Amino acid sequence: MKTPLKLEKTDPFKPNLIRLATVMCLSALSIACQPSQDKKQAAEPKAPVITAADARQYVANAEKSLSEDYEITGKAFWVQANFITDDTNALAAKAGEEATKKSVQLAIGAQKFDTIKLDFDTRRKLDALKQGLVLPAPSDDAKTAELSKITAKLDATYAKGCTENGECFTLGKLTDTLANSDDESALLNAWVNWRKVSPQMKTSYQRMVEIANEGSKELGYTDTGALWRSKYDMPADAFAADMDRVWGQVKPLYDSLQCHVRAKLNQKYGDDVVSLSEPIPAHLLGNMWAQSWENIYDDVAPKTETPAIDLTERLKVKQYSEIEMVRTAENFFKSLGFDPLPDSFWEKSLFTKPKDRDVQCHASAWDLSTTDYRIKMCIKKTGEDFSVIHHELGHNFYQRAYNLKQDFLYRSSANDGFHEAIGDTIALSITPKYLKEIGLIDEEPDASGDLPFLMKKALEGVSFLPFGLMVDKWRWGVFSGEIPTDQYNKGWWDLREKYQGVKAPVERSESDFDPGAKYHVPGNTPYSRYFLARILQFQFHRELCKISGNEGPLHRCSIYGNKEAGAKLNAMLEMGASKPWQDALEAMTGQREMDATAIIDYFAPLKTWLDEQNKERQCGW
Ligand code: X8Z
Ligand code: ZN
């Protein structure tokens, strides 16, 4: 759905779009206003009869009103993210405040149609209005303004990377250390330093939770977490249970990987640093959040004759620029039959980190109008960022597909996991065969290269699964109060240990706020979407490979150049949010459920190998 209320500066970009005061009687409250003009009703003051026609009119007005503000609000956020100053923060906060007010009014107004019988589209669009907010403010101007200022400030604090005392860190540099250093104390230092930025967020975060919960209650949800879980075309509890079901399917694969990686890190760093019976210390996994482990590939790789392809090295050898990396990703989509991105994409996107100003470097993809698509990314010339570029372009191609076909409130993905899955589905087709085809490698490895290849992919994707699950388990707990304010950090690490088998490398306390060191927490981007995407992308890949006539193992399939697969994908993208996600999934794959068998099939040879390696090991933590 269009998520009209959210000030999401991440991707896909969906700002709030309602300018309230003047619009109230024109659109949001037009239905409520009409009866007072009715003479008969004035004489006989009965509750006005609300009809299905009123509902349709309400939706039409809302779509018009929201679409009018979309571009300009988006630009306020774009400028803030590309040029972070107190002034741009203030402008973005103001734009956000106006948009939130409007959207809250529309959501509240939509409730009056709750009990009448409506056609499918009107009902679905009213639901979109009610569920679109990420952080609803209560209908209180002062609190709306306060919420908006808090969210802009949290976002800027993360982007700037400075402590309260003015000591600043560059996340990109710390990330490089985590990815490349073998020196345990350097790793620890980088890990600890980044977490010095977030304690100052805690009080604001707490207040934000309070205000958003008030807003969510006004909309009829028990808390903001319940609102977030309600966006999946099924009861909120059933959604949470479904996530757990799928996690149950993939957990054995994750456990095997964790066990092997722990054993290898134990060999490298010794018992004092990595215990064989405890969770893995979080600073040793090659990533600031231990969410994806491809950077420690060399430490854990299968020792076959054929090493995995080092894409970072290949990009260097072939002297790829950042723009060429993006062109190559765009070319993949074009090979499937998608139109090229417009010239404005190349003119307006941010591809490299500017030297002279603060920007929000966390990658994002934006649609500012039906013709204006951009990404914002501080690209590094690495294999990792090559995948992220495909991820971002997946958002842009999805946005364009539905923007051109759907009404405003349907201009979104089937569910937010679908949006995150598209570019990643394409990235699964970056196989050795494909790399040879585009000239990035000279020789395609033989079948003995499969295990190393799968290990790399698993370190990227399988390692991510429990992280993708736990981030929102933490936020759901925070919003519901199950994780109380004096246990924010403890609650975070309890979940990290339970799901990931990863622990803090040094003692943490409640004066730390480690969740705030992860972009999506201060940025208020729901995170379950990435867990869903990790499952869905393999379901999509399996189907697209079938269409393209692939007969070999799933991990060797690339759909590069296959127009039939592209058409199938495009048909789903064009549906936007117009149908329940189960329908979109069925149209694409024939299945109506998330199903982890595709990811399990994909990694089956690796699972066998891991279990062989782990035979004599004591797994678990
Ligand atoms: O935030 C992102 C994308 C933008 S939607 C770069 N991702 C998550 C993350 O970085 O934590 C992609 C994978 C998970
Ligand atoms: Zn994304």
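**Student:** Teacher, can you tell me more about the overall build of the protein chain here?
**Tutor:** A count of helical and extended segments in the protein chain gives 27 helices and 4 strands. Its C-alpha radius of gyration of 24 Å places the protein chain within 12% of the 25 Å reference for a compact globule of 621 residues. Put simply, the protein chain has 621 residues, and 61% of those count as buried. The long-range fraction of contacts in the protein chain, counting pairs at least 24 apart against all pairs at least 6 apart in sequence, stands at 79%. Of the charged side chains in the protein chain, 78 are positive and 90 negative; the average position of the first set lies 4 Å away from that of the second.

**Student:** Just checking my understanding: could you explain the side chain of Arg 124 for this structure?
**Tutor:** Residue position: Arg 124 is located in helix 6 (residues 120–131). Relative accessible area serves as the criterion here: at 8%, Arg 124 is assigned to the buried category. Polar contacts involving the side chain of Arg 124 include one to the side chain of Asp 233, which spans 2.9 Å.

**Student:** What exactly am I supposed to notice about the environment of Thr 222 here?
**Tutor:** Along the chain, the position of Thr 222 falls in the loop between helix 10 (202–218) and helix 11 (224–229). Along the chain, Thr 222 and Phe 479 lie 257 residues apart, while their C-alpha atoms are 9.4 Å from each other.

**Student:** Help me out: how do you make sense of the state of the cysteines in this one?
**Tutor:** The tally for this structure, following the rule as stated, stands at 4 disulfides. Covalent S-S linkage joins Cys 259 and Cys 619, the inter-sulfur distance amounting to 2.0 Å. Taking the torsion about the S-S bond as the criterion, the Cys 259 to Cys 619 disulfide, at about -80°, is left-handed. Placement of the pair is Cys 259 in helix 12 (residues 236–269) and Cys 619 in the segment after helix 27 (604–613), with a sequence separation of 360 residues. On the accessibility criterion, Cys 259 (2% relative accessible area) is buried.

**Student:** How should I be thinking about the pairing of strand 2 (residues 364–367) in this particular structure?
**Tutor:** Across a regular strand the side chains alternate sides, sitting on one face of the sheet and then on the other. Of the two faces of strand 2, the one carrying Ser 364 and Trp 366 and the one carrying Ala 365 and Asp 367 are both buried. Across 4 bridges, the pairing between strand 2 and strand 3 (residues 373–376) is antiparallel. Pairing of Asp 367 across the sheet is with Tyr 373, part of strand 3.

**Student:** Is there a simple way to think about the packing of helix 21 (residues 465–480) against helix 22 (residues 488–500) in this case?
**Tutor:** Two elements in contact, helix 21 and helix 22, have axes separated by 9 Å at closest approach and are oriented at 150°. Judged on the interaxial angle alone, helix 22 and helix 21 are roughly antiparallel. Handedness of the helix 21/helix 22 crossing: right-handed. Contacts between helix 21 and helix 22 involve Pro 466, Phe 467, Leu 469, Met 470, Val 471, Lys 473, Trp 474 and Val 478 on the former and, on the latter, Tyr 488, Gly 491, Trp 492, Leu 495, Arg 496, Tyr 499 and Gln 500.

**Student:** Teacher, can you tell me more about the nonpolar core here?
**Tutor:** Nonpolar side chains tend to gather and get buried jointly when the protein is soluble and globular. Core analysis: the largest hydrophobic core is formed by 155 residues, its most contacted members being Tyr 205, Val 261, Trp 293, Leu 393, Phe 418, Trp 474 and Phe 603. A total of 12 residues in this core trace back to one element, the largest contributor, which is helix 12. Tyr 58, Phe 113, Leu 118 and Phe 408 belong to the second largest nonpolar core, which has 15 residues in total.

**Student:** Honestly, helix 18 (residues 416–427) in this entry has me stumped. Any pointers?
**Tutor:** Spacing of three or four residues puts side chains on the same side of an α-helix, whose turn is 3.6 residues. When you tally the buried positions in helix 18, you get 12 out of 12 residues, the bulk of the element. Those residues of helix 18 that are buried lie in contact with helix 15 (322–335), helix 17 (383–403), helix 20 (450–461), helix 23 (528–547), helix 24 (563–575) and helix 25 (581–589). Its side-chain oxygen at 2.8 Å from the backbone nitrogen of Gly 417, Asn 415 defines the N-terminal cap of helix 18.

**Student:** Looking at this model, I keep getting lost on the environment of Lys 112. Mind explaining?
**Tutor:** Looking at where Lys 112 falls in the secondary structure, it is placed in the loop between helix 5 (86–110) and helix 6. C-alpha of Lys 112 to C-alpha of Ile 50: the two residues are 62 residues apart in sequence and 8.1 Å apart in space. Within the structure, Lys 112 has its side chain in polar contact with the backbone oxygen of Gly 109 (distance 3.0 Å).

**Student:** Sorry, what's going on with the packing of aromatic side chains here?
**Tutor:** The description of two aromatic rings rests on the distance between their centres and on the angle between their planes. On inspection of all chains with the given rule, the structure shows 37 aromatic pairs. Consider the rings of Tyr 158 and Trp 194, whose centres lie 5.3 Å apart with planes at 90°: the pair is edge-to-face. With Tyr 158 in helix 7 (residues 141–160) and Trp 194 in helix 9 (residues 184–194), this residue pair connects regions lying 36 residues apart in the sequence. Trp 194 matches Tyr 158 in its accessibility class, with the two residues each being buried. Look at Phe 332 and Tyr 434: their rings are 5.0 Å apart centre to centre, the planes differ by 55°, and that puts the pair in the tilted class. Note that Phe 332 is positioned in helix 15 and Tyr 434 in helix 19 (residues 432–437), a separation of 102 residues in sequence. For Phe 332, a relative accessible area of 0% corresponds to the buried category. Pairwise contacts between aromatic rings join Tyr 205, Trp 474, Tyr 488, Trp 492 and Phe 513 into one cluster. Its end group placed over the ring of Tyr 410, Lys 125 keeps NZ or CZ at 5.1 Å from the ring centre. A cation over an aromatic ring shows up here: Arg 327 above the ring of Trp 346, its NZ or CZ 3.7 Å from the ring centre.

Reading guide: rules and limits
Each chain has its residues counted from 1, following the order in which its sequence is written. Written order determines the labels here, with chains lettered from A and ligands numbered from 1. Under the rules for a predicted model, residues below a pLDDT of 70 receive no local features and side-chain atom pairs below 80 are neither given nor counted, while totals for whole chains, interfaces and linings still include all residues. Heavy atoms throughout the structure, all of them, feed into the side-chain values; hydrogens and water do not. Numbering of helices and strands runs from the N terminus, with a helix taken as a DSSP run of H or I at least four residues long and a strand as a DSSP run of E at least two residues long. The size measure is the radius of gyration over C-alpha atoms, and the globule rule it meets is 2.2 Å times the number of residues to the 0.38 power. Residue burial is assigned from relative accessible area. The probe radius is 1.4 Å, only protein chains are included, and a residue is buried under 20% of its type maximum, exposed over 50%, and partly exposed in between. In this description, contact between two residues means that some pair of their heavy atoms is separated by no more than 4.5 Å. The sign given to each residue is positive for Lys and Arg and negative for Asp and Glu; His and the chain ends receive no count. Taken as the charge centre is NZ of Lys, CZ of Arg, CG of Asp or CD of Glu, depending on the residue. Pairing of N or O atoms within 3.5 Å defines a polar contact, subject to two protein rules: one partner must be a possible hydrogen donor and the other a possible acceptor, and residues neighboring in sequence count only if both atoms are side-chain atoms. Cysteine sulfurs are considered disulfide-paired once they come within 2.5 Å of each other. Strand pairing is assigned whenever DSSP detects at least two bridges linking the two strands. Orientation is described by lines fitted to C-alpha atoms, with helices fitted over the stretch in contact, and by angles between N-to-C directions that extend from 0 to 180 degrees. Our angle categories are set so that under 35 degrees counts as roughly parallel, over 145 as roughly antiparallel, 65 to 115 as roughly perpendicular, and the remainder as oblique. Crossings are assigned a handedness: left-handed for a near helix turned anticlockwise from the far helix by less than a right angle, right-handed for a clockwise turn. Side-chain atoms within 4.5 Å are what join buried Ala, Val, Leu, Ile, Met, Phe, Trp, Tyr and Cys residues into a set we call a nonpolar core. Working definition: rings of Phe, Tyr and Trp (its six-membered ring) pair if their centres are within 6.5 Å, and the pair is stacked with planes under 30 degrees apart, edge-to-face with planes over 60 apart, and tilted otherwise. Note on geometry: a ring has a charge over it if NZ (lysine) or CZ (arginine) is within 6 Å of the ring centre and within 35 degrees of the ring normal.

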